[in-house]
Amino acid sequence: MSGEFDLIAKYFSPLAAGVQGAFGLKDDVAAIAAGDLAVTKDLLVEGVHFRSRDPKECIARKALRVNLSDLAAKGARPFGYFLGCVWPAGVKESAIAEFAGGLRLDQDLFKIALFGGDTTAHVQKGAPLTVSVTMIGLQGPAGVIPRAGAQAGDDVYVSGTIGDAGLGLAALEGEFKLSPAHKAFLADRYRLPSPRLSLGGALSGHANSAIDVSDGLIADARHIATQSGVTIEIGAEKIPLSAPAKAWLGSLGDFESGIGRLATSGDDYEILFTAPSSRRRSIEMASQASKTAITRIGSVARGAGVKLITANGTEIAVAKGGFDHFGD
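For every chain, the first residue of the written sequence is number 1, and numbering continues from 1 along that sequence. Totals for whole chains, interfaces and linings use every residue, but because this is a predicted model, local features are given only for residues with pLDDT of at least 70 and side-chain atom pairs only at 80 or more, for both listing and counting. Note that the side-chain values use all heavy atoms of the structure and ignore hydrogens as well as water.

J.: What is the right way to read unusual backbone geometry from this model?
T.: In this model, K111 sits at a positive phi of 60°, which is unusual for a non-glycine residue. As for its placement among the helices and strands, K111 is situated in the loop between α3 (93–110) and β3 (114–121). Note on classification: 1.4 Å probe, protein chains only; a residue is buried when its accessible area is under 20% of the maximum for its type, exposed when over 50%, partly exposed between these limits. Looking at K111, the relative accessible area reads 66%, which means it is exposed. Phi is positive for D267, close to 75°, though the residue is something other than glycine. Secondary structure is summarised from DSSP: a helix means a run of H or I of at least four residues, a strand means a run of E of at least two, and numbering begins at the N terminus for each.

J.: Explanation requested: the packing of aromatic side chains in the structure shown.
T.: By convention here, two paired aromatic rings are described through the distance between centres and the angle between planes. We call Phe, Tyr and Trp rings a pair once their centres come within 6.5 Å, taking the six-membered ring for Trp, and we label the pair stacked below 30 degrees between planes, edge-to-face above 60, and tilted otherwise. Scanning all chains against the criterion turns up five aromatic pairs. Ring centres 6.1 Å apart and planes at 40° place the aromatic pair F176 and W248 in the tilted group. Of this pair, F176 sits in the loop between α4 (164–172) and α5 (180–191) while W248 sits in helix α8 (residues 243–252); the two residues are 72 residues apart in sequence, bridging distant segments of the chain. Taking the relative accessible area as the measure of exposure, W248 reaches 7% and is therefore buried. Of the aromatic side chains, those joined through ring pairs into one cluster are F79, F82 and F115. Whether a charge sits over a ring depends on NZ of Lys or CZ of Arg being within 6 Å of the ring centre and within 35 degrees of the ring normal. One residue, K62, lies across the ring of Y190, its end atom 4.0 Å from the ring centre.

J.: Just to check I follow, could you spell out the pairing of strand β9 (residues 294–301) for this structure?
T.: The two faces of the sheet receive side chains in turn, since in a regular strand these alternate between them. Strands pair, by our definition, only if DSSP identifies at least two bridges between them. Here strand β5 (residues 155–159) pairs with β9 via five bridges, running antiparallel. Bridge pairing links S159 to I294 in β9. Examined bridge by bridge, strand β7 (residues 231–235) and β9 share four bridges and lie antiparallel to one another. Directly across from T231, in β9, lies its bridge partner A301.

J.: Quick question: what am I supposed to make of the nonpolar core here?
T.: Generally speaking, a soluble globular protein has its nonpolar side chains buried in company with each other. Grouped together as the largest cluster of nonpolar side chains are 48 residues, with contacts concentrated most on F12, Y81, L83 and F99. A per-element tally of this core places helix α2 (residues 56–73) first, with eight residues. Setting aside its immediate chain neighbours within four residues, F99 contacts F12, K56, I59, A60, L83, C85, W87 and V131. Take the buried Ala, Val, Leu, Ile, Met, Phe, Trp, Tyr and Cys residues and link them wherever side-chain atoms come within 4.5 Å; each set so joined is a nonpolar core. Membership of the second largest hydrophobic core comes to 34 residues, among which are A150, L217, L241 and L262. In what follows, a contact means two residues having at least one pair of non-hydrogen atoms within 4.5 Å.

J.: Even after reading the chapter, I still don't get the sheet that holds strand β8 (residues 271–275), so can you show me in this structure?
T.: Two orientations exist for strands paired in a sheet by backbone hydrogen bonds: parallel and antiparallel. Spatially, the six strands line up as an open sheet ordered β6-β8-β5-β9-β7-β10, and their pairing is mixed. Strands with a single pairing partner mark the edges of an open sheet, and in this sheet they are β6 (209–212) and β10 (305–309). Taken over all neighbouring pairs, the strand axes of this sheet differ in orientation by 25° on average, direction set aside. As a rule, the C-alpha atoms of each element are fitted with a line to give its axis, helices using only the stretch in contact, and angles between N-to-C directions run from 0 to 180 degrees.

J.: Is there a simple way to explain the sheet that holds strand β4 (residues 130–138) in this structure?
T.: Read from one edge of the open sheet, four strands run β1-β4-β2-β3, paired in mixed fashion. Strands with a single pairing partner mark the edges of an open sheet, and in this sheet they are β1 (37–45) and β3. Neighbour to neighbour, the strand axes of the sheet diverge by 15° on average, direction disregarded. Bridge count for β1 against β4 is nine bridges, and the pairing is antiparallel. Pairing of T40 across the sheet is with M135, part of β4.

J.: Looking at this model, I keep getting lost on helix α9 (residues 255–264). Mind explaining?
T.: Structural remark: α-helix, 3.6 residues per turn; residues separated by three or four positions point the same way. Turning to α9, its buried residues number three or more, namely G258, I259, G260, L262, A263 and T264. The inward-facing, buried residues of α9 abut α4, α7 (217–228), α8 and β10.

Fair warning: the whole summary comes from geometry, so function is off the table for now.
Next comes the structure, spelled out in structure tokens:
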């Protein structure tokens, strides 16, 4: 096993090659010359955000993508990132090499670069792999899209499909059986979310509030509602579902329970946003320009909180809004 600085030189310095201001990861700081920045940070911990059996390549890519998703929801363009890793005691060099390979794949895909960070290892055996990413982006011309901008009368939209990642994790954990094709699709949605960067950029100047769906559709809608001082009403039947999720929901035989679960599952990393009804054509054009499916799932009203409502007007009670690291 190589030493710390040899590992950095071998696996991580190449990820900063040719990047002005990164100094080849041989200095204590990076010098970044840029305009108005948007900065976000997410921490991923083994056993909480990913499974110990997940491929290291996927873990690295997910660490980047969940942060890119935050930028996407704010209408920002990614620029680069800082990385911190705390490896399990006795980690094999091959695992670090695989992890760095995953970073390289998504750096090339999303046109970003590593600017610096730190890597270390636990002393205690059995301590989890912990990955910290600070992602830097450039604000769009209209600035960041806030959470606190929704107004009564607005439309509520979401990109992509909802509940896939939660079903993927449940399938991987053996909670229920799916066809091989459906399991593979859902597992991929859990392991490798797709940050909606093109859509986020296209929404700048049109959406008046936005958030990425990381804790669950209901929980993240509640964040917007709370910050904006409004009620968000979501049509249960309007929530977009993938073919595997529809098949699972149909097999359950209990629509309200099933849709409640899908709407409170985390890790979808879609964009939930609101916009004035007068902007419907602009939103449609943003969807077309970004080649990203979006669905109008509800509306904003005066009041407080989030309501999940069926087509006949019945409100579906959900036991919890979504994932909470410190919840019961």
